[in-house]
Amino acid sequence: MMENTNTAIKNGQFDLAVFFKQNILILIGFLALAVPTIISLSKGIWQSDDQAHGPIILAIVVWLFWQVKNQIAAIDTKSNPIMGFALVIAALLFYILGRSQAILMFEIGAFIPLVCGLLLISKGWRAISIAWFAIVFMLFLIPLPGSIVDALTGALKGQVSHIAEVLLYAAGYPVARSGVLITVGQYQLLVADACSGMHSMFSLLAVGSLYVYITDHSSKIRNTLLILAIIPIAFAANIIRVMTLILVTYHFGDAAGQGFIHDFAGMALFAIALIGMFFLDLFLGIFLKNKVTNL
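These numbers were taken from a predicted model, which means no experiment stands behind them.

Caption draft 1: Geometry of the overall build of the chain. Counting its secondary structure elements, the chain contains 15 helices and 5 strands. When burial is assessed residue by residue, the chain has 39% of its 295 residues classed as buried. Considering only contacts within the chain whose residues lie at least 6 apart along the sequence, 72% involve residues at least 24 apart. Accessible surface, the chain: about 16,500 Å² in total, of which carbon and sulfur atoms supply 70%.

The following block contains the structure:
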């Protein structure tokens, strides 16, 4: 199989038609699993606000594998069929269990060992090392269990509400809080699940990881700090969002706070967090560059 697959590279370029012809059975089998899952997700959780990023993540995963296709097809090393078939069998068992019992974590997660197994069978461990980020990025396709989401969302809502109350009170506003219920003037606002920032953090972690991978800075410290800063930046941006909605409600009324501004604040949150990450990247670039120069 390895010898036939190598002919998909002609003059240093990947020949898609040849690749499809040589791997038609594998592609049909893979699509037989993937298409029903994608259809189910499209009719199910991808229609919710919480998981609306799913199709975008899937498109990015496909693009990431497409970017490394030439490197993988050009590999001329021994495959690892034993480990590969073991992963494929395990993946199929997880897929069957997840599909039959409606356990999305198993059904979607099964594609990660499945892809790894197919790569090991055809190209060996070298292919895994080349496509590692695309494989890891597939984790963002897997929805977190409801119990974990509820626990994290509740904790985040409490912290966001508390910090927003403290900051606004210090600024002189008549604000009080009872749990996640914030009172400002004559208005009462409930910090809902969407305002916890849980899903924005998940989305920003995906975008931030992709940004770090694409920029591929030579400094590992810079890359690590950018990844670690994604969640705090998203958390801070969400506090700004909640405070903005409270201030709009206080000054312009409940209708203004729950209207266009409320929906726009969600997009603004994402934009603020991304801008914050970009500025942090610029700052780290200057700092680390100066540090290296001084040495």
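The structure having been displayed, the exposition proceeds.
Caption draft 2: Examining the confidence of the model for the chain more closely. Per-residue pLDDT for the chain averages 82, and the proportion of residues at 70 or more is 83%. Averaged pLDDT values over the elements of the chain bottom out at 43 in helix α1 (residues 2–6) and peak at 95 in helix α10 (residues 132–137). Segment residues 1–6: pLDDT under 50, and 19 contacts once partners within four positions in sequence are set aside and those in other chains are kept. This model gives residues 290–295 a pLDDT under 50, and the stretch forms 0 contacts once residues within four places in sequence are excluded.

Caption draft 3: Here's a closer look at the packing of helix α3 (residues 24–43) against helix α8 (residues 111–122). Running from N to C, α3 and α8 point in directions that differ by 170°, and their axes come no closer than 12 Å. By the angle class used here, α3 and α8 are roughly antiparallel. Residues Ile26, Phe30, Leu33, Ala34 and Thr37 of α3 touch α8, and the partners they reach there are Phe111, Leu114, Val115 and Leu118. Its residues assigned to classes, the contact of α3 with α8 shows 8 nonpolar, 1 polar and no charged.

Caption draft 4: Representation of helix α6 (residues 81–101). Taking 1.5 Å of rise per residue, the 21 residues of α6 would be expected to cover 30 Å, and the 30 Å separating its terminal C-alpha atoms lies within 8% of that figure. Downstream of α6 by one or two residues, Ala102 has phi in the positive range, about 60°.

Caption draft 5: Quick look at a nonpolar patch on the surface. There is a patch of nonpolar side chains on the surface, built from Trp63, Trp132, Val136, Leu139, Tyr213 and Ile214 and spanning about 590 Å² of accessible area. For the nonpolar patch, the elements supplying multiple residues, two or more each, are α10 and α12 (198–215). Tracing the chain through its elements places Tyr213 in helix α12.

Caption draft 6: Main features of the pairing of strand β3 (residues 175–178). Bridging between β3 and strand β4 (residues 181–184) involves 4 bridges; their strand directions are antiparallel. Across the sheet, residue Ala176 finds its bridge partner in β4, namely Thr183. Adjacent in sequence and paired antiparallel, β3 and β4 are bridged by 2 residues, among which Gly179 carries a positive phi angle near 70°.

Caption draft 7: The nonpolar core, seen in detail. Core analysis: the biggest nonpolar cluster contains 40 residues, and Phe65, Leu119, Ile135 and Phe137 have the highest contact counts within it. Going through the elements one at a time, α3, α4 (54–67), α6, α8, α9 (125–130), α10 and α12 are the ones with two or more residues in this core. Looking at this core, the element that brings in the most residues is α8, giving 8 residues. Not counting chain neighbours up to four residues away, the residues in contact with Leu119 comprise Ile72, Gly124, Ala127, Ile128, Ala131 and Ile135. With 28 residues, the next largest nonpolar core counts Leu168, Met201, Leu226 and Phe235 among its residues.

Caption draft 8: Fine view of α3. When the terminal C-alpha atoms of α3 are compared, their 28 Å separation across 20 residues agrees well with the 28 Å that a helix rising 1.5 Å per residue should span. The principal kink in α3, of about 25°, is found at Leu31. Every buried residue of α3 is listed here: Leu33, Ala34, Thr37 and Leu41.

Caption draft 9: Here's a closer look at the packing of aromatic side chains. Inspection of every chain in the model, using the stated rule, returns 10 aromatic pairs. Relative to Tyr213, the ring of Trp132 has its centre 6.3 Å away and its plane inclined at 85°; by these criteria the two rings are edge-to-face. Taken as a pair, Trp132 in helix α10 and Tyr213 in helix α12 lie far apart in primary sequence, 81 residues in all. Every member of this aromatic cluster is reached through a ring pair, and the members are Trp132, Phe133, Phe137, Phe140 and Tyr213.

Caption draft 10: Layout of unusual backbone geometry. Not every positive phi belongs to a glycine, and Ala102 is a case in point at roughly 60°. Among the structural elements, Ala102 can be located in the loop between α6 and α7 (104–109). With a relative accessible area of 65%, Ala102 lands in the exposed category. Residues other than glycine seldom take positive phi values, yet Asp216 does so here, at roughly 50°. Position of Asp216 among the secondary structure elements: in the loop between α12 and α13 (220–252).

What counts as what
Residues numbered from 1 in each chain as written. Predicted model: local features only at pLDDT ≥ 70, side-chain atom pairs only at ≥ 80, totals over all residues. Heavy atoms only, no water. Helix = DSSP H or I, 4+ residues; strand = E, 2+ residues; numbered from the N terminus. Buried < 20%, exposed > 50% of the residue type's maximum accessible area, 1.4 Å probe, protein only. Contact = heavy atoms within 4.5 Å. Areas by Shrake-Rupley, 256 points an atom, 1.4 Å probe, with all protein chains shown as cover. pLDDT = per-residue confidence, 0-100. Axes fitted to C-alpha atoms, helices over the stretch in contact; angles between N-to-C directions. Parallel < 35°, antiparallel > 145°, perpendicular 65-115°, else oblique. Nonpolar A, V, L, I, M, F, W, Y, C, P; charged D, E, K, R; others polar. Expected span 1.5 Å × (residues − 1). Patch = residues over 30% accessible without salt bridge, like charges linked within 9 Å, V, L, I, M, F, W, Y side chains within 5 Å. Salt bridge = Lys/Arg side-chain N within 4 Å of Asp/Glu carboxyl O. Pairing = 2+ DSSP bridges. Core = buried A, V, L, I, M, F, W, Y, C linked by side-chain atoms within 4.5 Å. Bend = angle between axes of the 7 residues up to and from the residue. Phe/Tyr/Trp six-rings, centres within 6.5 Å; stacked < 30°, edge-to-face > 60°.

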